[in-house]
Amino acid sequence: MKTGKNKLMSARQAVAKYVRDGDTLIIGNYTISIAFGLVNEVARQKKRGLTLCSQSGHLCDEILTAAGCVERLVTAYVMSAGSREGEYPVSRGLKKGELQVEDYTNFQYNARLVAGMHGLSFMQVLEGVLHTDIFRRRSFMRENKFKVITCPFTGKDTVLVPALNPDVCIIHVQRADKFGNAQYWGAMGSVQAAALASRRIIVSCEEIVEHDVIAASPHFTIIPYFRVDAVVEMPWGAHPSQVVGYYNSDKTGLAVLSMGLMNEDGGKAVLDEWVYGCPDHNAYMKHYVSIMGMDGLNVLRARPYYSTPANYGAAFTSVWDEEGKERTMGVSLDELEQIMKEKEVLYEEALYTQ
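Residues numbered from 1 in each chain as written. Predicted model: local features only at pLDDT ≥ 70, side-chain atom pairs only at ≥ 80, totals over all residues. Heavy atoms only, no water.

Student: Tell me what's going on with the confidence of the model for the protein, and back it up with residues and numbers.
Tutor: Of the residues in the protein, 95% reach a pLDDT of 70 or more, and the chain-wide mean stands at 93. Contacts from residues 349–354, a stretch scored under 50 in pLDDT, to residues over four places away or in other chains number 6 contacts. (pLDDT = per-residue confidence, 0-100. Contact = heavy atoms within 4.5 Å.)

Here you go:
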C-alpha cells in the first residue's frame, strides 16, 4: 500500500529531525546490513545522552561510544575483537564509570522487542536465567531488568522481561519506495521487531524503487509506510558490513576500524578520518575509494543469485465485478443492503454506506 506523502530526505535531515539527545536509540539490524551510514551520521551530529540498544555489539557500538553519544547500552553481545586489555571504547567507558551496560541473552533481548512490537508490557523468558550472573548482576535497570512471578497455571516461578519500546530505530534495508515501504531479506533476527517496537523509524536503503516493485513482492516488506518517518537512499549504506544481494562484508574496512578503535588515540583518529572528516556518506565512500581504489570496492559486489519468482496472480482482485455486481450473488451494493434489511441483519446502515 502507498500514501501520498514523500518521506525521502538526506541522512543529515533525518537524524537531525528524529534523533534527539537523551533518546533510546536502537540499531535495528542484526549482524548484517548494519546501518553504519546512519550510525556515522548520529556520531557526526554529536547526539548526547543516548541509551543505545544493539543486539549485534558490532563496531557501530564502539563508534557511537567513542564519539561520546552513549551513556547507557542494552545489548546481548559486545564484540571488542582483538583487545585483551579492554581498551575499546565500550570497555574503556565501563572502566571509567562513564558507561552503564545492561546485559541480556539474545533470546531475552528479542523477547523484549517482541513484547514492544505487539503492545504488551512484558514477555516470559526461560527460567534457567535465574542461575546466571545475567539475572544477578544489574545496572541501570535494577529491579526492572527481570521480574519473577508465580505462574497462575503451574505455580512455578516465571521469569519476565519488560517490553522494549525505543524512541527511534535506525535500520538499513535493500530497497524502499519514497513512501516508506521498506523491503529486506536475509537473516532476520530482531530486525523487524526492533523497527516495529520503536516510536520513530529512519530507514536507509541501497536503492529507492517505484511502488510497483514493492507491490510485486509484498512478502519482502517488513516495515509498512505508515510506520516510517524518514527514508534515505544510501548505496553502500551498511559498509563495511554486508547486504544480501548487494555486497559482502569488507574485511579490510572492518580491520581498519577495529584496529584503530583499540585505543583512545586510535579511536580519535578513526573518528576524525572516517566520521567527522566526511561530511556525509557519499564523502565516506569517496574517501574509501581514494584509498582502496574502485577495484577494492567492486570485488565486494554480490554476484546475482535469484530466487524463483512467486506467482501472486488471481482471477480477480475484488468481489465486485466491472458492473458493480457482487460476483457470487449478482447484485449491486444497494440491492445487497436491501436484502439484508429485509432479512433484518443490517443493524447499522452507516457502517456499510460510509
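On we go.
Student: I'd like a rundown of the nonpolar core, residues and numbers included.
Tutor: Counting residues in hydrophobic clusters, the biggest one holds 50 residues, and the most contacted among them are Leu25, Ile27, Ile63, Leu64 and Ile202. In terms of residue count, the dominant contributor to this core is helix α2 (residues 36–44) (5 residues). In contact with Leu25, other than residues within four places in its own chain, are Val42, Leu50, Thr51, Leu52, Cys53, Leu64, Val168 and Ile170. In this structure, Val161, Val173, Ala197 and Ile201 belong to the second largest nonpolar core, which totals 37 residues. (Core = buried A, V, L, I, M, F, W, Y, C linked by side-chain atoms within 4.5 Å. Buried < 20%, exposed > 50% of the residue type's maximum accessible area, 1.4 Å probe, protein only. Helix = DSSP H or I, 4+ residues; strand = E, 2+ residues; numbered from the N terminus.)

Student: Report on the pairing of strand β1 (residues 24–27), specifying residues and quantitative values.
Tutor: Judged by which residues are buried, β1 turns out to be covered on both faces: Thr24 and Ile26 on one side and Leu25 and Ile27 on the other are all buried. In this sheet, strand β2 (residues 50–54) lies alongside β1 in parallel orientation, the contact comprising 3 bridges. Bridge pairing in β2 links Leu25 to Leu52. Chirality of the crossover, the property in question, places the unit of β1, α2 and β2 among those that are right-handed. Both β1 and strand β8 (residues 168–176) contribute to a ladder of 3 bridges, which runs parallel. Residue pairing across strands places Ile27 opposite Ile170, the latter belonging to β8. (Pairing = 2+ DSSP bridges. Right-handed = clockwise from strand over helix to strand, strands pointing away.)

Student: Describe the sheet that holds strand β6 (residues 147–150), with residues and values.
Tutor: Taking strand neighbours across the sheet as the criterion, the 3 strands line up as β5-β7-β6 in an open arrangement whose pairing is antiparallel. Both outer strands of the open sheet, β5 (122–125) and β6, are each paired with one neighbouring strand and no more. For this sheet, the mean inter-axis angle between neighbouring strands, taken without regard to orientation, is 40°. As paired elements, β5 and strand β7 (residues 157–162) share 4 bridges and run antiparallel to each other. Residue pairing in the sheet places Phe122 in a bridge with Pro162 of β7. Along the sheet face, helix α5 (residues 106–117) touches β5 and β7 and points at about 150° away from the line of β5. (Axes fitted to C-alpha atoms, helices over the stretch in contact; angles between N-to-C directions.)

Student: A description of the pattern of salt bridges should follow, citing residues and the corresponding values.
Tutor: Counted according to the given criterion, the structure contains 7 salt bridges. Taking the shortest distance from any N to any O, the salt bridge between Glu102 and Lys145 comes out at 3.5 Å. Here the residue Glu102 occupies a position in strand β4 (residues 100–103), and Lys145 occupies one in the loop between α6 (133–136) and β6, the gap between them amounting to 43 residues. Take Glu102 and Lys145: they sit in the same class, and that class is buried. With a shortest N-O distance of 3.7 Å, Lys325 and Glu335 are connected by a salt bridge. Taken together, the positions of Lys325 in the loop between α11 (281–298) and α12 (333–342) and Glu335 in helix α12 put the pair 10 residues apart, joining distant regions of the chain. Given a relative accessible area of 26%, Lys325 falls into the partly exposed group. On the basis of relative accessible area, Glu335 is assigned to the partly exposed category, the value being 36%. (Salt bridge = Lys/Arg side-chain N within 4 Å of Asp/Glu carboxyl O.)

Student: Give a description of the side chain of Asn40 that names residues and reports values.
Tutor: Take Asn40: it is sitting in helix α2. The exposure class of Asn40 is buried, given its relative accessible area of 4%. Those residues in contact with Asn40 that sit more than four places away from it in its chain are Ile63, Trp274, Val275 and Tyr284.

Student: Break down the packing of aromatic side chains for me, with residues and values.
Tutor: Throughout the structure, instances matching the rule amount to 6 aromatic pairs. Note on Trp185 and Phe220: the rings are 4.9 Å apart at their centroids and 45° apart in plane angle, and the pair reads as tilted. Placement of Trp185 in the loop between β9 (182–183) and α7 (191–196) and of Phe220 in the loop between α8 (211–216) and β11 (221–223) is noted, with a sequence separation of 35 residues between them. An angle of 15° between the planes, with centres 4.3 Å apart, marks the rings of Trp236 and Tyr247 as stacked. (Phe/Tyr/Trp six-rings, centres within 6.5 Å; stacked < 30°, edge-to-face > 60°.)

Student: Could you give me a rundown of the pairing of β6, with the residues and numbers involved?
Tutor: Here β6 runs beside β7; their pairing, made up of 4 bridges, is antiparallel. Bridge pairing in β7 links Ile149 to Thr158. Two successive antiparallel strands, β6 and β7, enclose a turn made up of 6 residues, where Gly155 displays a positive phi of approximately 80°.

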